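# Architecture and fold: a report
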Amino acid sequence: MPMAESLFPDMVRRGSLDLRVDGLLGKTWKERWFVLSNSCLYIFDTHASEDPRTIVPLTGVGARIVERTDKLKKPYMFEIYNGSGTALIYTEKEPGGKRVKQGKEHVLFCNAKDENDRKLWLADINQEMVQDDKLLVEELLSRANQRAG
């Protein structure tokens, strides 16, 4: 297990997913390592990476299946979206990894390795979602207290 994963004692799911990202020639798909823990989704460059590239708090966020289109051709896609219809609130490292900025996407598109993997990710992300920031803080405190006690 990479060092970074040892920081997630309440890890719900981890694994490799394709993530649709901005590339030099437009949107492309990149394989990334995902960790779902403490009502946040942590996205790493690789399984061996020590620091997440992106952190998505699952506050008011959901996940749902996306059907294939001419632009989205992966077979087991799903999207992570803000239930209010506004842009997702998340942080990501800028190129070079020295600074962190706020993400700008309204939706994050992911692709699983098969249908079963997609179903598991969807169920777990939606289970980890909380309705507002106050509930997220309360949930994190509750989990920390359970571990301590």
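Below: a short report on this structure. (Residues numbered from 1 in each chain as written. Predicted model: local features only at pLDDT ≥ 70, side-chain atom pairs only at ≥ 80, totals over all residues. Heavy atoms only, no water.)

Okay, the overall build of the chain next. Looking only at helices and strands, one finds 2 helices and 9 strands in the chain. The buried share of the chain, taken over its 149 residues, is 40%. (Helix = DSSP H or I, 4+ residues; strand = E, 2+ residues; numbered from the N terminus. Buried < 20%, exposed > 50% of the residue type's maximum accessible area, 1.4 Å probe, protein only.)

Turning next to the pattern of salt bridges. A complete count under the given rule lists 6 salt bridges for this structure. Of the charged contacts, one joins D124 and R13 as a salt bridge, the two residues approaching to 2.7 Å between their closest N and O atoms. Of this pair, D124 sits in helix α1 (residues 115-128) while R13 sits in strand β1 (residues 11-23); the two residues are 111 residues apart in sequence, bridging distant segments of the chain. For D124, a relative accessible area of 18% gives the class buried. Note that E79 and R64 form a salt bridge whose closest N and O atoms lie 2.4 Å from each other. In this pair, E79 sits in strand β6 (residues 77-82) while R64 sits in strand β5 (residues 61-65), placing the two residues 15 residues apart along the sequence. Among the ionic contacts, a cluster of salt bridges with common partners joins R32, D45 and R53. (Salt bridge = Lys/Arg side-chain N within 4 Å of Asp/Glu carboxyl O.)

So, about unusual backbone geometry. The residue N38 is not glycine, and still its phi comes out positive at about 50 degrees. Checked against the element boundaries, N38 lands in the loop between β2 (26-37) and β3 (40-44).

The next thing to look at is the side chain of S37. Along the polypeptide, S37 turns up in strand β2. Apart from residues lying up to four places away in sequence, S37 is in contact with F8, D10, M11, Y42 and E128. (Contact = heavy atoms within 4.5 Å.)

Quick look at the pairing of β3 now. Burial runs high along β3: 5 of the 5 residues are buried. Burial of the side chains of β3 extends over both faces: C40, Y42 and F44 are buried on one face and L41 and I43 on the other. Pairing between β2 and β3: 5 bridges, direction antiparallel. For S37, the partnering residue across the bridge sits in β3 and is C40. Linking β2 back to β3 in an antiparallel pair, the connection comprises 2 residues, with N38 at a positive phi of about 50 degrees. (Pairing = 2+ DSSP bridges.)

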